[in-house]
Amino acid sequence: MQHTLKALIFDVDGTLADTERDGHRVAFNKAFNDAGLTWDWDESLYGKLLAVTGGKERIKFYISDFLSNFTPPSDIDGWVKELHASKTQHYLKMLSDGEIPLRPGVEDLINEARSAGLTLAISTTTTPENVTYLLNATLGKESLNWFKVIAAGDIVPAKKPAPDIYQWCLDQLELKAEECIAFEDSYNGLISACDAGLKTIVTSNVYTKDDDFSRAHIVCNQMACKKEGFNVISSSVDSWKNANCFDLDLIKKVHRV
Ligand code: XBP
Ligand code: MG
């Protein structure tokens with residue numbers, strides 16, 4: 001049975017905006033410095049730490065797998081939560097200062113989808129405030145109303161690659177997975193969306209370009225048109241490789257496959 005495409009569900013970090021290297025990573029380091037820690041997550045180390053989604057979980061991953069002689073405080077959860085809250089404040093300031101733009105083609109696709117009457121939603125591991133601040137800084141305050149559901153952060157216990165956040169989003173949308181399509185940038189995000197039953201389109205980035213995207217129907221370098229440098233990196237249907245634009249026409253073809 002062919003379902004009508006009713007909603008587009010977007011991941012945030014790495015998909016809507018390239019937030020990790022020059023955003024989250026910098027905010028983490030500022031928080032570590034404020035806390036008197038000598039920790040410095042450089043670009044290469046951060047790429048390894050991105051294997052774990054969730055900022056609090058990533059800090060714990062760093063402590064357990066990358067530090068040998070660090071004795072965490074007895075209330076490790078409380079301490080990490082406080083450190084992460086400090087990082088979030090730094091990140092929110094970067095967003096408010098307009099330091100993090102949307103990736104190419106994202107705004108055009110969102111406007112095209114709105115004009116076509118499609119429902120928009122977000123499904124992300126990041127902190128909810130990080131989403132609203134990003135939307136406000138890039139698309140304006142009004143844009144917060146464009147997304148029917150913003151599924152973010154600790155709203156679900158298990159973070160990506162667990163499917164929970166996408167399942168929660170579908171439940172809130174009251175839509176079937178077959179009526180939607182997901183947009184992701186990473187292996188963890190792709191697995192999360194696919195395990196929630198969603199067809200998924202990937203736009204890779206510097207940190208995720210070597211990820212295993214075999215479960216994606218199509219992998220592109222960005223959401224744009226050929227004249228702006230868009231290209232299809234891989235796809236399950238050969239003819240898509242000649243697509244001129246990352247637009248609703250291409251998305252509907254992927255949804256129908
Ligand atoms: C990416 C993540 C997030 C961010 C950091 O989320 O894993 O944890 O790296 O944000 P997604 P927080 O790709 O699902 O948007 O520190 O707020 O977790
Ligand atoms: Mg992502």
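Residues numbered from 1 in each chain as written. Chains lettered and ligands numbered in written order. Predicted model: local features only at pLDDT ≥ 70, side-chain atom pairs only at ≥ 80, totals over all residues. Heavy atoms only, no water.

## Focus: the site of ligand 1
Inference 1: Around ligand 1 sit 19 residues in total, of which E20, G55, H84, T124 and T127 are the nearest.
Inference 2: For ligand 1, an oxygen atom lies 2.7 Å from a polar atom in the side chain of R58.
Inference 3: Between ligand 1 and T127 there is a distance of 2.7 Å, counted from an oxygen atom to a side-chain nitrogen or oxygen.
Inference 4: Relative to its free-state accessible area of 440 Å², ligand 1 is covered by the protein chains to the extent of 96%.
Inference 5: Listed by contribution, the elements that provide at least two residues to the shell around ligand 1 are α1 (20-34), α3 (55-66) and α4 (76-96).
Inference 6: Of the residues that constitute the shell around ligand 1, the class distribution is three nonpolar, ten polar and six charged. (Near = heavy atom within 4 Å. Polar contact = N/O pair within 3.5 Å; in protein donor to acceptor, adjacent residues only side chain to side chain. Areas by Shrake-Rupley, 256 points an atom, 1.4 Å probe, with all protein chains shown as cover. Helix = DSSP H or I, 4+ residues; strand = E, 2+ residues; numbered from the N terminus. Nonpolar A, V, L, I, M, F, W, Y, C, P; charged D, E, K, R; others polar.)

## What about the coordination of the magnesium ion (ligand 2)?
Inference 1: Distances from the magnesium ion (ligand 2) to its protein donors, namely D11 (OD), D13 (O) and D185 (OD), fall within the range 2.1 to 2.3 Å.
Inference 2: Considered as a linear motif, the donors of the magnesium ion (ligand 2) on their single chain read D-x1-D-x171-D. Taken together, the positions of D13 in the loop between β1 (7-10) and α1 and D185 in the loop between β4 (180-184) and α8 (187-195) put the pair 172 residues apart, joining distant regions of the chain. (Donors = N, O, S within 2.8 Å, 3.2 Å for Na, K, Ca; no water.)

## Observations regarding helix α9 (residues 248-256)
Inference 1: Regarding α9, the residues found buried are L248, L250, I251, V254 and H255. The arc enclosing the buried residues of α9, seen along the axis, measures out at 160°, which places them on a common side.
Inference 2: Lining the buried residues of α9 we find β1, α5 (106-115), β4, β5 (199-203) and β6 (218-220). (Buried < 20%, exposed > 50% of the residue type's maximum accessible area, 1.4 Å probe, protein only. Arc of directions from axis to C-beta. Contact = heavy atoms within 4.5 Å.)

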